Each structure stands twice: as structure tokens, then as C-alpha cells.
Amino acid sequence: MTDSLTQRTKVLTLAGVLLALFLGSLDQTIVATALPRIVGDLHGLDRFTWVATAYLVASTALVPIYGKLADMYSRRTIEVTAVLVFLFGSALCGLAGEFGTLPLLGDGMSQLIIFRAIQGLGGAGLFAMAFIIIADLFPPAERGKYQGFVGATFGLSSVLGPFLGGLLTDHGDGLLPGVEGWRLVFYVNIPLGALALWFILSRMPALRPRGEQQPLDYLAAILLMLGLGPLVIALQLNKAVYGWTSPTTLGLFALALAALTLFVVRSRRATNPILDFSLFDNKVFRTANLALFLLGGLF
């Protein structure tokens, strides 16, 4: 599929994908730095944790689904869609509370939480597609080298994010007339995202999947989101308010367990599963996933 691509095309495609990934990884650190100012302006101290939780729930639940969609449609189409959704969510986050309390959306803090979830829907694709596209572009012997750039992207964003977040929040009030500095934390994604889109649309090949396309298993997708969403929320809840044995926490864990159990049953019977559990029969795959799970816990 990529044998005919020149090295220049591959490198430029990688640049666009890494720039999109940088958007997602930068967002997590830059927003955390600006959060105290955001909470003060939107009067949402009682809900500030949900600004991160909403993003995390949406991105966690959608990562496997993006992976499956990449097996069904052009990788470029999925990547562009993810970037556009992320930028749309970023623009909405920057507007949160600008027009006061809105019907259905509530006050500024509630708006921000909802818009962060939309951002997470796009952010999931930025993370998932980076590894998928690298695997498409480069043979196994070279992937480790190029995936190292992914680690470098995370490292760079972890350094720049807090600095830019503090700089824009404390000194950005006068950059755009009438716009608070913390809103620029979200608006800064737009020019970076536009540059990433230019790279992807002008330099990235379509990277279409091989074989016959089969429809997405929507029931399995719903079960996966119903499982991962409550699980993340249960783990993120303030345990000083909702203890480990509180009805709310236990109910969320029960819902997650039931939905994920049904997801496993459904996936084992489906002809086109979102997650093929036969992969776990491979010892290398099992070991690698266990190592990544422990590495995630360490981080």
C-alpha cells in the first residue's frame, strides 16, 4: 500500500500527523495550567475536575473505535475528521460562558465541560491515528525509530504546555481585544491545527485499507462506550464525596462491568469485531499489552 511512496512523502506525512498529535498532547498540559483562572472566571470551583474528566472519558471510549474505523476507511479521511472535531471543540471551549447561561448547555462552566467532551472526541483520533499511520508508512524494522518521534512530541508538549498556559493566562488579556487570556489557551489550537490540516491534505496519501469493507458493529461500539465511560468516571470521582463503597461509585462500576462483559461476548461472535480477542492468543501481543498497561500506571 505504501511501497510506491517516496521517503519525502512519508516524512511530510509524518510531520503532519505529529503536528496533529502535538495539538492533543499540548492541550492536556496547557489547560491544566490555566484551570485556576478559568474556574475563577466561570465560577465553577465545584465542577472543575470535570473539565479534565469530560475530555478523558470521551477520548478513552473513542480510541478503539477510531482504530476500527481506520481499518474500514481512508486513514487520511479519519485523521482529517479527528482534527476538525478537535478544532471545533477547541473553538467552542474558547467561547464557553461568553453569551451567559444558554438553554440546555447551562452556565459557562457547564458549557466548558460539554465542549471539552467534544474536544475529547477529536483528541482520541489524534492519538490513535498517529500510531496507525506510522505503521502504514514504515516497515516494522523502522517503526521504532519513527515512533520515537511520538515520545519526543509528548516530551516537548509537557515542557511547552505549562509555560504557554501560564503565559497566555497571565499576560494574554491584551492580545485580542475583549478576549480573556485563558481563552487563548483554546484558540491557539486553531492556527496549529490549520497547519496540520494543510500538511495532511496536501502531503498525505489516502492510505486506504486492504480487503473488503464491512460495516461497523454499532452495538459493540455502544457497549464499549457504556463500559469505558462509567469506568473512567468512577475512578475520577472525588472519593472524599463519593467513596469507593458509595452507591454512585459501585453503580458506575457495575454498569461498566456489565457493558464490558456484553462487549466481549458480542466481539467474540461478531464477524467484524471492533477488538479481535483472538489477538490475545499471541504471546507477544499479550506481553506487550501488559507492559503498556503497567507503563501507563507508572506514568
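Residue positions are given per chain, counted from 1 along the sequence in the order it is written. Reporting of local features is limited, given that this is a predicted model, to residues whose pLDDT is at least 70; pairs of side-chain atoms are given and counted only at 80 or more, and all residues count toward the totals for whole chains, interfaces and linings. Calculated side-chain values reflect all of the structure's heavy atoms, with hydrogen atoms and water omitted.

Concerning the overall build of the protein chain
Scanning the protein chain from N- to C-terminus turns up ten helices and zero strands. Starting at the N terminus, helices and strands are each numbered in turn, a helix being any DSSP run of H or I of at least four residues and a strand any DSSP run of E of at least two. Tracing the protein chain from N to C terminus, the helices and strands come up as α-α-α-α-α-α-α-α-α-α. In terms of principal-axis extent, the alpha carbons of the protein chain reach across some 50 × 50 × 35 Å. Here the term buried applies to any residue with accessible area under 20% of the maximum for its type, exposed to any over 50%, and partly exposed to those in between, with areas from a 1.4 Å probe on protein chains only. Residues counted as buried form 44% of the 299 residues belonging to the protein chain.

Focus on helix H10 (residues 283–298)
In a helix, the anticipated span is given by 1.5 Å times the number of residues less one. End to end, H10 covers 23 Å across 16 residues, agreeing with the expected 22 Å (1.5 Å per residue, within 8%). Where H10 begins, one side-chain oxygen reaches toward the backbone nitrogen of Val284, 2.8 Å away; that side chain belongs to Asn282. By the criterion applied in these results, polar contacts are pairs of N or O atoms within 3.5 Å in which, for protein atoms, one can donate a hydrogen and the other can accept it, and in which residues neighboring in sequence qualify only through two side-chain atoms.

Observations concerning the side chain of Asn189
Take Asn189: it is sitting in helix H7 (residues 189–203). Judged by its relative accessible area of 0%, Asn189 is buried. Among the polar contacts listed, one links the side chain of Asn189 to the side chain of Ser90, at a separation of 3.1 Å. Not counting residues up to four positions away in its chain, the partners in contact with Asn189 are Leu23, Asp27, Phe86, Leu87, Ser90 and Gln119. Contact between two residues is taken to exist if any of their heavy atoms lie within 4.5 Å; hydrogens are not considered.

A word on a nonpolar patch on the surface
The patch calculation keeps residues exceeding 30% relative accessible area without a salt bridge and links them within 9 Å when they carry like charges or within 5 Å when they are nonpolar (Val, Leu, Ile, Met, Phe, Trp, Tyr). The accessible surface values rely on the Shrake-Rupley method and a 1.4 Å probe; as for residues, cover is taken only from the protein chains in view. By convention in these notes, a salt bridge is any Lys or Arg side-chain nitrogen within 4 Å of a carboxyl oxygen on Asp or Glu. A contiguous nonpolar patch, built from Leu292, Leu295, Leu298 and Phe299 and spanning about 520 Å² of accessible area, is present on the exposed surface. Secondary-structure assignment places Leu298 in helix H10.

Here's the deal with the packing of helix H3 (residues 75–95) against H7
One can describe the packing of H3 onto H7 by two numbers: an axis separation of 10 Å at closest approach and a directional angle of 170°. By the criterion of interaxial angle, the relationship of H3 to H7 is roughly antiparallel. Of the residues in H7, those touching H3 at Arg76, Glu79, Val80, Val83, Leu84, Phe86, Leu87, Ser90 and Ala91 are Asn189, Ile190, Gly193, Ala194, Leu197, Ile200 and Leu201. For this scheme, ten residues count as nonpolar: Ala, Val, Leu, Ile, Met, Phe, Trp, Tyr, Cys and Pro. Four count as charged, namely Asp, Glu, Lys and Arg, and the remainder, Gly too, count as polar. When its residues are assigned to classes, the contact of H3 with H7 shows eleven nonpolar, three polar and two charged. The axes are straight lines fitted to the C-alpha atoms, using for helices just the contacting stretch, and the angles between their N-to-C directions are given from 0 to 180°. Convention used here: angles under 35 degrees read as roughly parallel, angles over 145 as roughly antiparallel, angles from 65 to 115 as roughly perpendicular, and any remaining angle as oblique.

Topic: the pattern of salt bridges
Within this structure, the stated rule accounts for nine salt bridges. Salt-bridge contacts for Asp136 lead to Arg75; the nearest nitrogen and oxygen are separated by 2.6 Å. Separated by 61 residues along the polypeptide, Asp136 in helix H4 (residues 108–137) and Arg75 in helix H3 bring together distant segments of the chain. Judged by relative accessible area, Asp136 falls into the buried class, the value being 13%.

A short note on the side chain of Ser59
Inspection of the secondary structure puts Ser59 in helix H2 (residues 49–70). When its relative accessible area of 10% is taken as the criterion, Ser59 is described as buried. Reaching out from Ser59, the side chain makes a polar contact with the backbone oxygen of Leu56 at a distance of 3.2 Å. Among all residues touching Ser59, those that are not within four sequence positions of it are Gly120 and Ala124.

Observations regarding the packing of aromatic side chains
Working definition: a ring pair exists when centres of Phe, Tyr or Trp rings (six-membered ring for Trp) sit within 6.5 Å. Plane angles under 30 degrees give stacked, over 60 give edge-to-face, the rest tilted. Applying the stated rule across the entire model yields nine aromatic pairs. Plain terms: the ring middles of Phe280 and Phe285 are 5.1 Å apart, the flat faces sit at 80° to each other, and that makes the pair edge-to-face. Phe280 sits in the partly exposed class, given a relative accessible area of 29%. Residue class for Phe285 comes out partly exposed when judged on its relative accessible area of 26%. Lysine NZ or arginine CZ positioned within 6 Å of the ring centre and within 35 degrees of the ring normal marks a charge as sitting over the ring. One Lys or Arg, Lys239, reaches over the ring of Trp244 and ends 4.4 Å from the middle of that ring.

Digging into the packing of H2 against helix H8 (residues 218–236)
The axes of two packed helices give the description: the angle between them and the distance between them. The contact between H2 and H8 brings their axes to 9 Å, and the two run at 150°. Between H2 and H8, the interaxial angle falls into the category roughly antiparallel. The interaxial crossing formed by H2 with H8 has right-handed handedness. For the pair H2 and H8, contact is made by Trp50, Thr53, Leu56, Val57, Thr60, Ala61, Leu62, Pro64 and Ile65 and by Ala221, Leu224, Met225, Leu228, Gly229, Val232, Ile233 and Gln236, respectively. Residue composition of the contact of H2 with H8, by class: 13 nonpolar, four polar and no charged. Crossing handedness is read from the near helix: turned anticlockwise from the far helix by less than a right angle, it gives a left-handed crossing, and turned clockwise, a right-handed one.

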